[in-house]
Amino acid sequence: MAGGKEITVGLIGNPNSGKTSLFNRLCHSKDPVGNYPRVTVAIRERTFDHAEWTFRLADLPGVYALTTQTPEESSARDYIHEERAQIWMNVLDAGNLERSLYLTSQLVEMGRRMVFVLNMIDEAEYKRLVIDAEALSRRLGGPVIKVNSITGQGLEALRAALVSMAQQERAPAPVIIDYDDHLAAAVTRVQQLIVDLHPDAMTPGQSRWLAIKLLEGDDALLRREGDHGHLLEMVGRERQDLAQEHGGECEMLFADARYAHVHTLMAATMVRAGGSVPHVDWTARLDALLLHRVLGLPLFIFILWLMFQTTFTLGKLPMGWIEAGVGWIKEGVGGLLPAGMVHDLVVNGVIAGVGGTIIFLPNIVILFFFMAIFSESGYLTRAAFLMDRLMHAFGLHGKALIPLVIGFGCNVPAVLATRTIESERARLIAILVNPFILCAARLPVFILFAGAFFSDRAASMVFLMYMISIMMSMFGSVLLNRILPRGMEESFIMELPPYRLPTVKSLTWHMWDNAMDFLNKIGGVILVGSMVLWFMKEFPKDITWSVDYAGQIEQMQKQPETPELKEAMSQLTRQRDQEALANSYLGRIARTVAPIFAPLELSWRDTVAILTGLMAKEVVVASYAVLYSEEREQAAESSSLRELLSKTMSPWVAFAFMVFTLLYTPCLATIAAIRREAGSWKWAGFSVGFSMVIAWSLAFLIVNVGRWLT
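Everything numeric here is computed off the predicted structure, so don't read it as measured data.

A.B. asks: Just checking my understanding: could you explain the overall build of the protein chain for this structure?
C.D. replies: The helix and strand tally for the protein chain stands at 32 helices and eight strands. Residues counted as buried form 53% of the 710 residues belonging to the protein chain. Relative to all contacts within the protein chain whose residues are 6 or more apart in sequence, the contacts with residues 24 or more apart total 75%. Total accessible area computed for the protein chain in this model is approximately 31700 Å², and 59% of it derives from carbon and sulfur atoms.

A.B. asks: Is there a simple way to think about the sheet that holds strand S5 (residues 113-119) in this case?
C.D. replies: Across the sheet, six strands lie side by side as S2-S3-S1-S4-S5-S7; this open sheet has mixed pairing. Looking at strand neighbours, the two that pair on one side only are strand S2 (44-50) and strand S7 (144-146), the edges of this open sheet. Taken over all neighbouring pairs, the strand axes of this sheet differ in orientation by 25° on average, direction set aside. Judged from the three bridges that link them, S5 and S7 form a sheet pairing that is parallel. Within S7, the position partnered with Phe116 by the bridge is Val144.

A.B. asks: Explain the packing of helix H19 (residues 424-433) against helix H21 (residues 458-483) to me, please; I cannot follow it from the model alone.
C.D. replies: Between two packed helices, both the angle of their axes relative to each other and the distance between the axes serve to describe the pair. The interhelical angle for the contact between H19 and H21, taken along N-to-C directions, is 135°, at an axis separation of 9 Å. Regarding the angle of H19 to H21, the classification is oblique. Here H19 and H21 pass one another in a crossing that is right-handed. Residue-level contacts link Arg425, Ile429, Leu432 and Val433 of H19 to Ser473, Gly476, Ser477, Leu480 and Asn481 of H21. For the contact of H19 with H21, the per-class residue count stands at four nonpolar, four polar and one charged.

A.B. asks: Teacher, can you tell me more about the pattern of salt bridges here?
C.D. replies: Pairing between side chains becomes possible if they bear opposite charge and their charged atoms approach one another. As enumerated under the stated definition, the model contains 15 salt bridges in all. Ionic pairing is found between Glu52 and Lys5, a salt bridge with its closest N-O pair at 3.3 Å. Remark: Lys5 occurs in strand S1 (residues 5-13) and Glu52 occurs in the loop between S2 and strand S3 (53-59); sequence separation between them is 47 residues. With relative accessibility at 36%, the residue Lys5 sits in the partly exposed group. Arg44 is the partner of Asp59 in a salt bridge, and the nearest nitrogen-oxygen pair spans 3.7 Å. Pair noted here: Asp59 is in strand S3 and Arg44 is in strand S2, with a separation of 15 residues, a long-range link.

A.B. asks: Can you help me understand helix H8 (residues 204-215) in this one?
C.D. replies: Residues spaced three or four apart along an α-helix face the same direction, because each turn holds 3.6 residues. The first and last C-alpha atoms of H8 sit 17 Å apart over twelve residues, in line with the 16 Å expected at 1.5 Å per residue. Within H8, burial applies to Gly205, Ser207, Arg208, Trp209, Leu210, Ala211, Ile212, Lys213, Leu214 and Leu215. Directly beyond the C-terminal end of H8, a positive phi value near 85° is found at Gly217.

A.B. asks: When you look at the environment of Leu662 in this model, what are you seeing that I'm missing?
C.D. replies: Structurally, the position occupied by Leu662 is in helix H30 (residues 651-663). Among the residues examined, Leu662 registers a relative accessible area of 0% and is labelled buried. Considered as a pair, Leu662 and Met465 are 197 residues apart in the sequence and their alpha carbons are 7.8 Å apart. Every residue in contact with Leu662, bar those within four places of it in the chain, is listed here: Pro435, Phe436, Leu438, Arg442, Phe446, Met465, Ile468 and Ser469.

A.B. asks: Is there a simple way to think about the environment of Asp548 in this case?
C.D. replies: Positionally, Asp548 belongs in the loop between helix H22 (504-538) and helix H23 (549-558). Considered as a pair, Asp548 and Arg576 are 28 residues apart in the sequence and their alpha carbons are 9.3 Å apart.

A.B. asks: Would you mind going over a negative patch on the surface with me for this structure?
C.D. replies: Together, Asp180, Asp181, Asp241 and Glu245 line one region of the surface with negative charge. Relative to the elements of secondary structure, Asp241 occurs in helix H10 (residues 229-246).

A.B. asks: What exactly am I supposed to notice about the environment of Met89 here?
C.D. replies: Note that Met89 resides in strand S4 (residues 87-93). The residues touching Met89, leaving out its near neighbours within four places in the chain, are Val9, Gly10, Leu11, Ile12, Leu22, Leu26, Leu57, Val115, Val117, Leu158 and Leu162.

A.B. asks: What is the right way to look at the nonpolar core in this model?
C.D. replies: Generally speaking, a soluble globular protein has its nonpolar side chains buried in company with each other. Membership of the largest hydrophobic core comes to 121 residues, with the highest contact counts inside it found for Leu304, Phe408, Phe449, Met465, Tyr466 and Tyr624. Grouped together as the second largest cluster of nonpolar side chains are 57 residues, Tyr79, Leu101, Val187 and Leu215 included.

A.B. asks: Just to check I follow, could you spell out the side chain of Arg427 for this structure?
C.D. replies: Locating Arg427 in the fold gives a position in helix H19. Judged by relative accessible area, which is 9%, Arg427 ranks as buried. Every residue in contact with Arg427, bar those within four places of it in the chain, is listed here: Thr418, Arg419, Ile421 and Glu677.

A.B. asks: Where do I start with the pairing of S4 in this structure?
C.D. replies: A regular strand places its side chains so that they alternate between the two faces of the sheet. Among the seven residues of S4, seven are classified as buried, and the element is accordingly described as predominantly covered. What you see with S4 is no split at all: Ile87, Met89, Val91 and Asp93 on one side and Trp88, Asn90 and Leu92 on the other are buried throughout. As paired strands, S4 and S5 are joined by seven bridges and run parallel to one another. Bridged to Asn90 within S5 is Phe116. Since S4 and S5 lie parallel, the crossover through helix H3 (residues 97-107) that links them has a hand, and here it is right-handed.

A.B. asks: What exactly am I supposed to notice about the pairing of S1 here?
C.D. replies: With respect to burial, S1 is a largely interior element, seven of its nine residues being buried. Sheet topology note: the S1/S3 ladder contains seven bridges and is parallel. Looking at the pairing, Glu6 lines up with Thr54 of S3. Bridge analysis of S1 against S4 gives five bridges, and the strand direction is parallel. Its bridge partner lying in S4, Val9 is registered against Ile87.

A.B. asks: Sorry, what's going on with the confidence of the model for the protein chain here?
C.D. replies: It should be kept in mind that the predicted coordinates are not to be read in detail where pLDDT is low. Confidence in the prediction of the protein chain, expressed as mean pLDDT, is 80, and 90% of residues score 70 or more. Below a pLDDT of 50 lies the segment residues 34-40, which in the model reaches 40 contacts outside its immediate sequence neighbourhood of four places, other chains included.

A.B. asks: Help me understand helix H1 (residues 19-27) in this model?
C.D. replies: Taken across its nine residues, H1 has eight buried, putting it largely inside the fold. Burial in H1 covers these residues: Lys19, Thr20, Ser21, Leu22, Phe23, Asn24, Leu26 and Cys27. Where H1 terminates, the next one or two residues include His28, which has phi positive at roughly 55°.

A.B. asks: Help me understand the packing of aromatic side chains, please; the structure alone is not making it clear to me.
C.D. replies: Ring pairs (aromatic) are described by centroid distance and by the angle formed between their planes. Throughout the structure, instances matching the rule amount to 16 aromatic pairs. Centroid distance Tyr179 to Phe254: 5.1 Å. Interplanar angle 80°. Geometry classified as edge-to-face. Remark: Phe254 occurs in helix H11 (residues 250-269) and Tyr179 occurs in the loop between helix H6 (155-167) and helix H7 (181-197); sequence separation between them is 75 residues. Taking relative accessible area as the criterion, Tyr179 reaches 9% and is therefore assigned buried. Summarising the aromatic geometry, the rings of Phe449 and Phe657 are spaced 4.8 Å apart at their centres and angled 15° between planes, so their arrangement reads as stacked. Pair noted here: Phe449 is in helix H20 (residues 443-453) and Phe657 is in helix H30, with a separation of 208 residues, a long-range link. One aromatic cluster in this structure is built from Phe436, Trp683, Phe686 and Phe690. Its end group placed over the ring of Trp681, Arg675 keeps NZ or CZ at 5.5 Å from the ring centre.

Procedures and definitions
Residues numbered from 1 in each chain as written. Predicted model: local features only at pLDDT ≥ 70, side-chain atom pairs only at ≥ 80, totals over all residues. Heavy atoms only, no water. Helix = DSSP H or I, 4+ residues; strand = E, 2+ residues; numbered from the N terminus. Buried < 20%, exposed > 50% of the residue type's maximum accessible area, 1.4 Å probe, protein only. Contact = heavy atoms within 4.5 Å. Areas by Shrake-Rupley, 256 points an atom, 1.4 Å probe, with all protein chains shown as cover. Pairing = 2+ DSSP bridges. Axes fitted to C-alpha atoms, helices over the stretch in contact; angles between N-to-C directions. Parallel < 35°, antiparallel > 145°, perpendicular 65-115°, else oblique. Left-handed = near helix turned anticlockwise from the far one by under 90°. Nonpolar A, V, L, I, M, F, W, Y, C, P; charged D, E, K, R; others polar. Salt bridge = Lys/Arg side-chain N within 4 Å of Asp/Glu carboxyl O. Expected span 1.5 Å × (residues − 1). Patch = residues over 30% accessible without salt bridge, like charges linked within 9 Å, V, L, I, M, F, W, Y side chains within 5 Å. Lys, Arg positive; Asp, Glu negative; His and termini not counted. Charge placed at Lys NZ, Arg CZ, Asp CG, Glu CD. Core = buried A, V, L, I, M, F, W, Y, C linked by side-chain atoms within 4.5 Å. Right-handed = clockwise from strand over helix to strand, strands pointing away. pLDDT = per-residue confidence, 0-100. Phe/Tyr/Trp six-rings, centres within 6.5 Å; stacked < 30°, edge-to-face > 60°. Lys NZ or Arg CZ within 6 Å of the ring centre and 35° of its normal.

Okay, structure coming up:
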């Protein structure tokens with residue numbers, strides 16, 4: 001702590017106002033940002049020090065008003081009501097100030113210590129908008145700081161303003177908005193009764209604000225005042241009288257007054273320099289092409305294909321480097337360690353499992369590079385708009401596209417991102433079909449199998465798997481729409497933000513964070529999983545052999561060496577190793593479960609890989625690497641895991657395995673996220689069963705179609 005003084009600052013603003021970018025700048029954090037609404041769906045807290053103060057900054061979800069229309073608005077409003085922050089930092093989009101000021105008009109009535117941030121001031125300047133910060137400050141009752149959270153412009157002035165505000169012991173008087181005479185009189189009457197019911201408990205500003213919120217029909221505050229029946233009766237009567245006098249709902253009367261106040265602020269504090277804007281409107285021009293009624297959807301599909309093709313093609317060269325490096329490490333460590341159990345654990349367990357997975361790091365980094373461009377440029381929101389009509393035909397909401405695209409990175413944050421969907425039914429469907437989306441954890445599996453069985457068309461096969469994942473999410477939503485009871489249809493309303501050029505720093509952060517996350521998994525779940533797999537493969541040692549392998553090998557070793565004898569000894573050794581595997585703990589488990597996968601023509605090794613994938617999909621590749629580690633040592637030096645794997649099944653069976661791995665049970669982290677977001681273990685269990693049935697059925701169909709065709 002800088003000097004023993006700590007204060008909490010609430011960060012609040014509209015969606016897509018650059019709030020989280022500012023949060024990251026101030027706190028030197030790397031929380032996810034994106035150029036689309038509701039990237040922040042939960043309250044995040046970080047700290048930063050300045051002068052003698054430690055500021056605890058709370059990044060609230062983006063909201064347009066202090067209502068309870070969405071879960072984000074409820075959590076933000078509750079945070080405010082509970083007075084968990086002593087200072088409020090209201091982030092305003094300087095390029096779209098009028099929209100931002102509506103929320104501000106609600107905040108200033110509360111009489112809290114506030115700092116106002118004119119963020120993205122560069123966009124306002126580009127539009128030739130001149131904002132009088134001093135005049136706006138006088139009218140809002142707090143300092144107004146011009147900031148560019150991307151470049152860091154204005155951050156020192158903002159930190160100084162926070163220190164100055166923290167040193168103030170008393171909050172400023174609330175800003176009084178000029179309401180209609182009837183509204184003002186009703187507010188005064190309700191305020192007087194509140195003062196009588198809560199003597200000395202509130203300042204005049206707080207009692208006035210509570211009166212306004214009660215007249216607006218704020219459900220949470222009405223429940224909080226439930227013990228005061230006389231007050232609620234008076235509020236109900238006042239609301240009814242105002243509606244009759246003005247011919248409109250009471251909350252709309254307050255909204256109209258706030259919009260009038262905002263228009264007055266705009267007229268007094270902002271002008272456009274030099275008349276009309278002379279710049280090219282790139283957003284309109286790009287939208288004319290990318291949102292074209294005919295070309296928009298094919299362009300979107302082509303962009304996806306290009307992303308996956310590039311991910312596979314560019315990743316080949318560094319994959320080869322890493323694979324060669326892993327082989328060099330394996331050979332070097334193997335030469336240093338004496339023969340025995342430790343040698344086998346390190347070489348055939350740890351290095352084989354971890355090394356077999358880490359070679360796919362370049363593909364993960366390239367994929368997340370494109371994901372960052374989609375997110376931060378603003379194209380992701382356009383894709384949701386494009387897909388809305390098509391997705392509605394399958395029973396999915398257009399807003400579900402954003403969580404689905406996020407699922408290409410990881411299904412866990414994608415499930416959390418379904419909070420952007422207001423309809424509970426539509427959100428539940430999006431949650432349950434999201435595990436069908438091909439996440440980055442499954443990408444190494446498909447790169448491995450595509451290279452092993454479809455080397456000439458490997459990139460196209462990986463793209464096909466992505467298309468199947470999208471189609472199966474659509475098919476799953478059709479089934480769920482028939483199962484789940486129908487509710488009220490939700491219209492598609494989503495702000496299309498301006499296109500923004502992602503910065504090198506943000507792209508680097510995005511790739512670095514996801515690369516580190518992948519490496520952490522390799523150092524955690526994959527490392528542990530590889531060691532557990534090796535132990536289960538090697539034990540128990542007290543096996544009752546069907547043949548005296550040791551005796552026969554000993555007899556062969558005494559005979560003169562010939563090519564025939566060498567081949568016979570090699571075959572006998574393979575039979576011994578296969579019998580040892582079959583009688584190991586791993587083999588016994590696989591044999592128990594094997595009948596379920598026998599119709600799919602999958603071997604016991606494939607069964608083991610499927611079972612380990614229940615923990616985390618990254619472990620599937622590690623499982624194959626461990627299971628084939630000894631055979632790779634015995635094969636020629638040029639033999640890779642892909643070459644050994646290509647001899648174990650037909651291309652049709654390999655395709656069926658890929659589809660099964662794509663669709664079957666989500667990993668444990670995703671199951672936990674589904675339970676949390678759907679609110680019940682019932683839906684988490686349903687997701688497991690639903691995905692398993694679909695995965696097995698489709699894989700069975702592929703195997704039988706392949707058998708018929710060949």
